[in-house]
Amino acid sequence: MSHRTAGDGNQRHPAPFGQATDIGRSRTHNEDSLLAKPPLYVVADGMGGHAAGEVASRVGVDTLVAHAPLHADSKALARAIRAANNAIIDAVQAGTGKQGMGTTMVAAIVEGTRIALAHVGDSRAYLLHDGALRQLTADHSLVARMVSEGQITEAQAREHPHRSVILRALGTDPDIKVDHTTLDAQTGDRLLLCSDGLSGMLEDPEIARILGGYKDPQVVADMLVAEANEAGGLDNITVVVVDMGVTAYDEGRASSGRWRMILAVTVFLAVAIAILALAYWRLR
Ligand code: MN
């Protein structure tokens with residue numbers, strides 16, 4: 001069962017995002033967590049076994065929400081991820097969860113077409129622009145390092161026995177390094193945040209085809225999960241899809257409509273007063 005909550009209660013202006021998380025076909029727990037609460041969007045992939053991964057990713061997301069900036073400030077977003085890191089380390093000390101539990105995190109703040117991005121681990125951000133898919137994040141994983149050093153190819157990385165070994169995760173190092181960047185997308189572009197349960201099952205051309213294949217971002221999110229399951233579903237699958245340049249409830253259009261109404265009423269009253277004044281002057 002995939003979990004969906006997007007678009008709740010606003011039929012005329014559908015939310016500009018979709019979200020889905022699914023246990024997949026071979027795991028006993030879903031250790032991923034997500035959040036889509038404009039302007040903040042997050043995917044976290046927990047690890048640690050025996051439910052600890054769920055605690056790590058949930059504590060991480062909850063702490064991020066409490067510390068995240070309101071604007072597309074990637075430095076402040078990275079600071080919020082470091083706060084999430086500290087909260088997970090503290091949770092282990094406090095006996096919530098387990099020693100060794102951790103989580104990846106990819107987070108975005110979207111302001112119109114501006115994207116502030118920060119991440120740790122191998123959960124990814126992609127941008128679809130004019131049908132072309134671009135990976136915005138570099139995995140902090142063993143295989144990504146081996147690819148960058150020319151030891152193996154992308155295709156070999158996908159099949160590598162150590163493909164799930166990550167070099168950086170929240171919950172272990174108090175001095176965690178968080179990668180962050182800000183970029184300008186264009187209206188009509190689509191941002192995807194995902195866990196490796198998606199990117200490990202589907203290759204980029206398939207992800208691009210599905211991302212560009214449906215108008216409704218919620219349909220896209222559900223289709224990405226369905227196809228990752230179709231391809232094997234070897235891990236938990238989590239996706240957040242965000243349309244660029246669309247505000248949550250179309251506030252821009254609503255407020256310009258309000259101003260047009262005020263202008264129309266003012267002009268009507270001015271004309272009415274002028275006619276009455278003219279009539280009064282003629283009758284005198
Ligand atoms: Mn995973």
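Residues numbered from 1 in each chain as written. Predicted model: local features only at pLDDT ≥ 70, side-chain atom pairs only at ≥ 80, totals over all residues. Heavy atoms only, no water.

A.B. asks: Give me the lowdown on the overall build of the chain, citing residues and values where you can.
C.D. replies: Scanning the chain from terminus to terminus reveals eight helices and 11 strands. What you see for the chain is a C-alpha radius of gyration of 24 Å, clearly larger than the 19 Å of a compact globule of 284 residues, by over 25%. Its C-alpha atoms give the chain principal-axis dimensions of about 95 × 40 × 35 Å. Here the chain holds 284 residues, and the buried ones make up 45% of them. The long-range fraction of contacts in the chain, counting pairs at least 24 apart against all pairs at least 6 apart in sequence, stands at 69%. Only carbon and sulfur atoms are counted for the fraction: they give 55% of the accessible area of the chain, which is about 14800 Å². Computed over 26 positive and 33 negative side-chain charges, the inter-centroid distance for the chain is 10 Å. (Helix = DSSP H or I, 4+ residues; strand = E, 2+ residues; numbered from the N terminus. Rg over C-alpha atoms; globule rule 2.2 N^0.38 Å. Buried < 20%, exposed > 50% of the residue type's maximum accessible area, 1.4 Å probe, protein only. Contact = heavy atoms within 4.5 Å. Areas by Shrake-Rupley, 256 points an atom, 1.4 Å probe, with all protein chains shown as cover. Lys, Arg positive; Asp, Glu negative; His and termini not counted. Charge placed at Lys NZ, Arg CZ, Asp CG, Glu CD.)

A.B. asks: Go over a nonpolar patch on the surface, please, and point to the residues and values.
C.D. replies: On the surface, Met261, Val265, Phe268, Leu269 and Ile273 cluster together to form a nonpolar patch covering roughly 540 Å² of accessible area. Of note, Val265 is situated in helix H8 (residues 251–283). Classification of Val265 by relative accessible area gives partly exposed; the value is 41%. (Patch = residues over 30% accessible without salt bridge, like charges linked within 9 Å, V, L, I, M, F, W, Y side chains within 5 Å. Salt bridge = Lys/Arg side-chain N within 4 Å of Asp/Glu carboxyl O.)

A.B. asks: If you had to explain the coordination of the manganese ion to someone new, which residues and values would you point to?
C.D. replies: Those donors, Asp45 (OD), Asp196 (OD) and Asp235 (OD), are the protein atoms that reach the manganese ion, and they lie 2.1 to 2.2 Å from it. Donor residues for the manganese ion, ordered by position in the chain, follow D-x150-D-x38-D. With a gap of 190 residues between them, Asp45 in strand S3 (residues 40–47) and Asp235 in the loop between helix H7 (217–230) and strand S11 (237–243) connect regions that are remote in the sequence. Each member of the pair, Asp45 together with Asp235, is buried. (Donors = N, O, S within 2.8 Å, 3.2 Å for Na, K, Ca; no water.)

A.B. asks: With reference to specific residues and values, describe the nonpolar core.
C.D. replies: Among soluble globular proteins, nonpolar side chains are generally buried collectively. Grouped together as the largest cluster of nonpolar side chains are 28 residues, with contacts concentrated most on Leu40, Val42, Leu64, Ile81, Met105 and Leu170. Of all the secondary structure elements, the ones that give two or more residues to this core are S3, helix H1 (52–67), helix H2 (74–93), strand S5 (105–111) and strand S6 (114–120). Residue contributions to this core peak at eight residues, all from H2. The contact partners of Ile81, leaving out residues within four places of it in the chain, are Leu64, Met105, Ala107, Ala118, His119, Val120, Leu170 and Val178. (Core = buried A, V, L, I, M, F, W, Y, C linked by side-chain atoms within 4.5 Å.)

None of this, on its own, says anything about what the molecule does.
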